[in-house]
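Okay, here's what each chain looks like letter by letter:
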Amino acid sequence: FSAVEIIRTKRDRGVLSDDQIDWVIDAYTRGVVADEQMSALAMAIFLNGATDPEIARWTQAMIASGERLDLSGVGMPTVDKHSTGGVGDKITLPLAPLVAAHGVAVPQLSGRGLGHTGGTLDKLETIPGFRTALSNEEFIDQMRRVGAVVCAASESLAPADRRLYALRDVTGTVESIPLIASSIMSKKIAEGTDALVLDVKVGSGAFMKELAPARELAETMVRLGAAHGVRTVALLTDMSTPLGRTAGNALEVRESVEVLAGGGPADVVELTVALAREMLALAGVDADPAKALSDGRAMDAWRAMVEAQGGDPDAELPVAAETDDVLAEADGVVTRMDAYAVGVAAWRLGAGRARKEDAVSAGAGVEILRTVGETVRAGEPILRLHADAGETARFGAARQVLEGAVDVGGDTPGRTMLIDR
Ligand code: URA
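Residues numbered from 1 in each chain as written. Predicted model: local features only at pLDDT ≥ 70, side-chain atom pairs only at ≥ 80, totals over all residues.

Quick notes on the nonpolar core
In terms of nonpolar packing, the biggest core is built from 143 residues, with Val99, Ala100, Met221, Met279 and Val342 touching the most fellow members. In terms of residues, this core owes the most to one element, helix H15 (residues 339-351), which gives 10 residues. Those residues within four positions of Val99 in sequence are excluded, and the remaining contacts are Val79, Val104, Val106, Ala276, Met279 and Leu280. (Core = buried A, V, L, I, M, F, W, Y, C linked by C-beta atoms within 7 Å. Buried ≥ 20, exposed ≤ 12 C-beta atoms within 10 Å, placed from the backbone. Helix = DSSP H or I, 4+ residues; strand = E, 2+ residues; numbered from the N terminus. Contact = placed C-beta atoms within 7 Å.)

Next comes the structure, spelled out in structure tokens:
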């Protein structure tokens with residue numbers, strides 16, 4: 001096979017054969033196909049799409065580029081959750097222990113933040129002592145003992161995707177349904193989970209800004225899961241407004257702990273419970289997950305998970321030294337708060353990274369004092385920006401992107417979290 005021939009085929013809207021796909025993924029993983037050739041192929045797929053059989057084979061080839069974990073030794077049903085990414089999306093933190101509290105193991109392999117979306121590992125690492133790098137043996141052992149485990153994927157899981165995702169990130173080829181679906185599902189299938197719930201985000205803070213492509217992405221991933229024996233369901237949920245009242249690493253851990261203590265923002269609780277219900281149903285468990293949030297069982301599972309990974313659940317979380325309030329200009333009800341702008345603001349304050357080798361600030365981020373549907377008076381703070389000592393120059397950059405991001409008006413639109421199933 002020749003990489004150039006394969007690029008030309010996709011460029012000219014042709015269909016790749018199974019053998020061509022297997023070859024190009026394997027050759028790219030081995031460094032035989034160069035980054036510039038894979039970039040061109042990714043752009044051709046971005047522009048011209050891929051057929052269902054092509055997406056299925058591409059996913060299969062990425063799984064085959066590494067190892068596939070065997071979780072049969074866990075001795076419990078395993079169910080994972082994956083979110084396509086959003087602003088203030090800390091749901092994994094309360095959700096994994098909540099589900100584990102029902103005797104279901106959650107093999108949550110997570111990522112780091114990039115651009116305007118945060119990463120679960122960055123959040124958990126703000127807990128003093130917390131380790132996110134576990135061996136496969138530690139990963140499986142913790143599921144057996146504690147149920148919930150949230151850690152980084154090992155290098156040997158879908159290595160083709162690891163290389164390709166980094167390449168897509170710098171070549172403007174992330175927002176493609178075939179590429180996103182195969183990227184996410186190759187990792188989830190290789191992880192070995194029995195079942196999977198997908199939280200597909202729709203709105204300004206998500207990859208998919210509109211409902212129709214989000215639905216197509218969800219359906220594509222559900223088909224890929226089914227084809228590989230992973231029972232998969234998808235929820236389409238709102239990401240036009242940030243989730244909860246915080247975007248930023250330690251800020252989001254604090255909010256998650258509030259949810260685990262039976263409180264926390266209504267939207268975070270609603271989504272956590274809705275996803276837990278789907279996960280428990282896939283595992284064959286008939287229970288109301290909201291109960292375990294109010295009676296302390298989810299909190300117990302959280303503490304056990306944090307301790308198992310070397311963290312101290314009672315430790316103080318880092319706090320940023322500097323704050324700056326963004327004030328309301330008029331009286332009224334908050335009718336819109338743009339998730340993308342809040343995500344970029346948190347990133348500019350230091351919570352996120354522009355390149356994957358950058359460090360992130362634990363304490364930086366945005367606190368939302370008034371969200372959609374709430375009343376505010378002129379001059380009252382709507383947002384509180386947090387930055388580290390000596391980093392007050394970041395406030396200006398954050399304020400700039402928040403310009404026009406919040407509307408205060410006359411009536412309450414309300415908010416629908418769960419758009420579709
Ligand atoms: N998350 C992934 O893992 N891959 C994508 O392509 C997009 C989001």
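Comments concerning the site of the ligand
As a matter of local geometry, the ligand sits amid Gly85, Tyr165, Val174, Leu179, Ile180, Ser183 and Ile184. Taken together, the residues of the shell around the ligand break down into five nonpolar, two polar and no charged. (Near = placed C-beta within 6 Å. Nonpolar A, V, L, I, M, F, W, Y, C, P; charged D, E, K, R; others polar.)

Description of the pairing of strand E9 (residues 365-368)
Sheet analysis places strand E6 (residues 246-247) next to E9, joined by two bridges and oriented antiparallel. Within the sheet, the bridge partner assigned to Ala247 lies in E9 and is Val366. Of the pairings in the sheet, the one linking E9 to strand E11 (residues 381-387) comprises four bridges and is antiparallel in character. Bridge assignment links Val366 to a residue of E11, and that residue is Leu385. (Pairing = 2+ DSSP bridges.)

A short note on the domain arrangement of the protein
Domain parsing of the protein yields domain 1 (3-49), domain 2 (72-308) and domain 3 (322-409). Counting residues at the interface gives 11 residues for domain 1, matched by 11 residues for domain 2. When residues of the side of domain 1 that touches domain 2 are traced back to their parent elements, those giving at least two are helix H2 (18-29) and helix H3 (35-48). Of the residues forming the side of domain 1 that touches domain 2, the biggest block, seven residues, is contributed by H3. Residues that form the side of domain 1 that touches domain 2 fall into these classes: seven nonpolar, three polar and one charged. (Domains from an automatic or database assignment.)

Structural notes on the sheet that holds E9
Strand order in the open sheet formed by four strands is E6-E9-E11-E7, and the pairing between neighbours is antiparallel. Each edge of the open sheet carries a strand with a single partner, namely E6 and strand E7 (322-327). With six bridges joining them, E7 and E11 adopt antiparallel strand pairing. Along E11, the bridge assignment pairs Thr323 with His386. Packing of helix H16 (residues 393-402) onto the sheet brings it into contact with E7 and E11, and relative to E11 it is tilted by some 140 degrees. (Axes fitted to C-alpha atoms, helices over the stretch in contact; angles between N-to-C directions.)

A word on the sheet that holds strand E8 (residues 332-337)
In spatial order, the strands read E10-E8-E12; together these three strands make up an open sheet with antiparallel pairing. Where the open sheet ends on each side, the last strands, each with one partner, are strand E10 (375-376) and strand E12 (406-409). In terms of strand pairing, E8 meets E10 through two bridges, oriented antiparallel. Pairing of Gly332 across the sheet is with Val376, part of E10.

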